[in-house]
Structure formats: C-alpha cells, structure tokens
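Topology and contacts: notes
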Amino acid sequence: MSEDIVHDMNNNLIHNSEQFVVLCLIQQLLKSHGKNLADFPGFSNIDESNITFTPNLLHEQCQYKIEEQTVVADKNESLLNSDQHHVYQKVVDATEQHTNTNATAYFVDGPGGSGKTFLYNTILARIRSKGKIALAVASLGIAAELLNGGRTAHSRFKIPIPISETCTCTCNISRNSALADLTKNTAIIVWDEAPMIHKHILECVHRTLCDLTQIDKPFGGKVVLLGGDFRQVLPVIRHGTQAEIINSYIMQSFL
Ligand SMILES: Nc1ncnc2c1ncn2[C@@H]1O[C@H](COP(=O)(O)OP(=O)(O)OP(=O)(O)O)[C@@H](O)[C@H]1O
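Residues numbered from 1 in each chain as written. Predicted model: local features only at pLDDT ≥ 70, side-chain atom pairs only at ≥ 80, totals over all residues. Heavy atoms only, no water.

Under the annotation held in an unreviewed UniProt entry, the protein carries the name ATP-dependent DNA helicase and is attributed to Mytilus coruscus. What the UniProt record of the protein gives under Cofactor (unreviewed entry) is the line "Mg(2+)". Database annotation for the protein, UniProt heading Sequence similarities (unreviewed entry): "Belongs to the helicase family." (UniProt positions renumbered as here; feature names shortened; annotations may be inferred.)

Next up, the structure:
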C-alpha cells in the first residue's frame with residue numbers, strides 16, 4: 001500500500017506524509033468492515049478531514065502513453081501464436097464494437113506457461129493504445145504483479161470480506177466515488193487466476209457493475225476476460241467437502 005502511495009506522491013496526486021495517508025487508507029478500509037484504528041493496540045483514530053488525498057483513479061489510468069502502448073502492442077501482437085492471436089482478436093474486436101448492451105465475457109483456460117499473461121498484457125496494451133481504460137486484476141497478488149498496471153481484484157473492486165453463500169451484497173464502491181467513475185469508464189476488465197476465486201466473489205463484482213452502470217447484463221455489460229488454469233489451485237473452502245469445493249467454482253455460477 002505504501003508503495004502505491006509513493007507512486008501517487010511522485011505523480012503529485014498526494015500532498016500528505018506517506019505514513020499519514022497509509023493510516024487514513026487503513027482506517028477507511030477498517031470502517032468499511034465496521035472497525036476502527038483505535039480497536040487495535042497501539043493505534044488511535046486519526047482525523048481524515050485534513051487529508052488532501054484525492055487519488056484521481058481515472059487520471060491514473062489515463063497516464064498510459066498512447067505511443068508507448070502502441071509500440072508494446074505492435075511488438076507483442078507480432079509474436080502471438082495462433083491460439084493467442086485468436087483470443088486476442090476476439091477480445092479486442094469485442095471491446096471495439098462494444099455498446100454496453102451486448103455483454104461479452106470470455107474465459108481463457110490454459111496450463112501454466114502457455115502464454116496467458118503474455119496475451120493479457122498484449123490485450124491491455126492494445127486497448128490502452130487506443131486511449132481506452134483497461135483494468136487488470138488478479139485473484140492473487142503475485143499474479144497481479146505480472147500484469148501491466150495490475151492490482152488484486154479485492155483491492156481494485158473493494159470486495160467485501162468475508163463473502164457468504166446468502167450474500168447479495170455489492171463491493172464497497174459508492175456511486176459517486178472516483179472508483180465508480182473508473183469502473184464505469186473502463187472498456188475491459190482482465191482478471192487473471194479467476195478459477196481460484198469463489199463464485200460468490202465474481203457474482204458480487206457482477207452485481208456491483210450492474211449497479212454502477214445501471215445495465216442489467218452480466219458484469220453490467222462490460223467486456224470481461226477471465227483467465228486461469230483449472231488444473232491448478234481451486235478456491236479454498238475451510239473444512240469444505242469435495243462437493244462444496246466444486247460448487248464454489250466460478251463455472252458453477254449463473255454467470
Ligand atoms: N507469443 C509469445 N512470444 C514470446 N514469448 C512468449 C509468448 N507467449 C508466452 N511467452 C513467454 O513465455 C513465458 C510463459 O508465458 P506466460 O507467463 O504468459 O504463461 P502463463 O500461461 O501466464 O503462465 P502461468 O499460468 O504459470 O502464469 C513468458 O516468459 C512469456 O514472456
């Protein structure tokens with residue numbers, strides 16, 4: 001978190017001390033889960049009203065230089081193998097012809113090392129080279145690190161923790177927030193290691209996008225590219241039976 005803050009400071013988006021801003025963000029996170037900094041030993045609540053921290057998320061995503069992204073996209077595109085190129089073309093075309101009314105969700109399934117991350121980064125660069133917003137998220141921090149501009153899905157969409165079977169909640173994104181603006185304006189969401197998340201998480205993001213866009217289609221009508229490898233790790237269900245684990249798969253979702 002503090003590294004993100006330093007990055008924003010370097011881009012003149014934040015004017016408070018790094019430690020103060022991190023504590024404010026932690027307090028905001030805790031508040032969204034019904035707790036406060038003062039609930040933890042050694043901390044007292046802090047006054048967030050002094051903060052001049054308005055990270056313009058939309059601005060941050062528009063920082064990508066079109067020329068640089070075009071160079072990356074052109075170079076990577078020429079290297080794609082036929083399978084990668086097939087997916088690339090479908091997804092890029094869907095994003096270009098997208099009207100928000102024809103929902104388009106894609107899933108890329110491939111074993112480790114088959115070039116999924118390379119493909120995602122090529123798609124991200126191509127969409128960004130057209131001046132559009134492309135959000136890159138992953139279910140795991142380590143996978144998010146490998147995506148250009150990647151964040152964990154929990155961090156990006158403020159997914160509530162925990163999420164229960166009966167939960168019909170949405171993510172902690174209010175309609176008039178910077179994050180809502182960013183999400184509404186995104187042309188595509190690329191989500192790596194999707195098979196590792198519980199289907200309720202995906203459904204929560206879907207409800208949030210529908211709420212923000214006011215479009216009653218899968219993922220609020222956004223183009224979504226979900227990727228991963230079903231041969232790797234499945235969602236972790238504490239003390240879960242085999243049936244419960246299988247039922248938690250995103251493939252078991254109504255989406
Ligand atoms: N078309 C390509 N041209 C050149 N290099 C490629 C191509 N596709 C993949 N690679 C390279 O192959 C290696 C493995 O690819 P990548 O990391 O994208 O696989 P992956 O499917 O995401 O793996 P994992 O599921 O384990 O994360 C990387 O070094 C990547 O740069």
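**A word on unusual backbone geometry**
Positive phi is not limited to glycine here, since K158 has a value of about 50°. Tracing the sequence through the fold places K158 in the loop between α8 (153–157) and α9 (178–185). With a relative accessible area of 36%, K158 lands in the partly exposed category. A positive phi angle, near 55°, is found at E193, a position not held by glycine. Checked against the element boundaries, E193 lands in the loop between β4 (186–192) and α10 (199–213). (Helix = DSSP H or I, 4+ residues; strand = E, 2+ residues; numbered from the N terminus. Buried < 20%, exposed > 50% of the residue type's maximum accessible area, 1.4 Å probe, protein only.)

**Description of the pattern of salt bridges**
On inspection of all chains with the given rule, the structure shows 3 salt bridges. The shortest N-O distance in the salt bridge between E77 and R126 comes to 2.6 Å. With a gap of 49 residues between them, E77 in helix α4 (residues 66–79) and R126 in helix α6 (residues 116–129) connect regions that are remote in the sequence. On the accessibility criterion, E77 (24% relative accessible area) is partly exposed. Here E96 makes a salt bridge to K130, at a shortest N to O gap of 2.9 Å. Linking E96 in helix α5 (residues 82–96) with K130 in the loop between α6 and β2 (133–138), this pair joins segments that are 34 residues apart in sequence. A cluster of three or more residues bridged by salt bridges with shared partners is formed by D74, E77 and R126. (Salt bridge = Lys/Arg side-chain N within 4 Å of Asp/Glu carboxyl O.)

**Regarding the packing of α4 against α6**
One way to put it is that α4 packs onto α6 with a least axis distance of 8 Å and a crossing angle of 140°. With respect to their mutual orientation, α4 and α6 come out oblique. When the axes of α4 and α6 are compared, the crossing they make is left-handed. In this structure, α4 uses I66, Q69, T70, V72, A73, D74, N76, E77 and L79 to contact α6, whose residues at the interface are F118, T122, A125, R126, R128 and S129. Across the contact of α4 with α6, the residue classes break down as 6 nonpolar, 5 polar and 4 charged. (Axes fitted to C-alpha atoms, helices over the stretch in contact; angles between N-to-C directions. Parallel < 35°, antiparallel > 145°, perpendicular 65-115°, else oblique. Left-handed = near helix turned anticlockwise from the far one by under 90°. Contact = heavy atoms within 4.5 Å. Nonpolar A, V, L, I, M, F, W, Y, C, P; charged D, E, K, R; others polar.)

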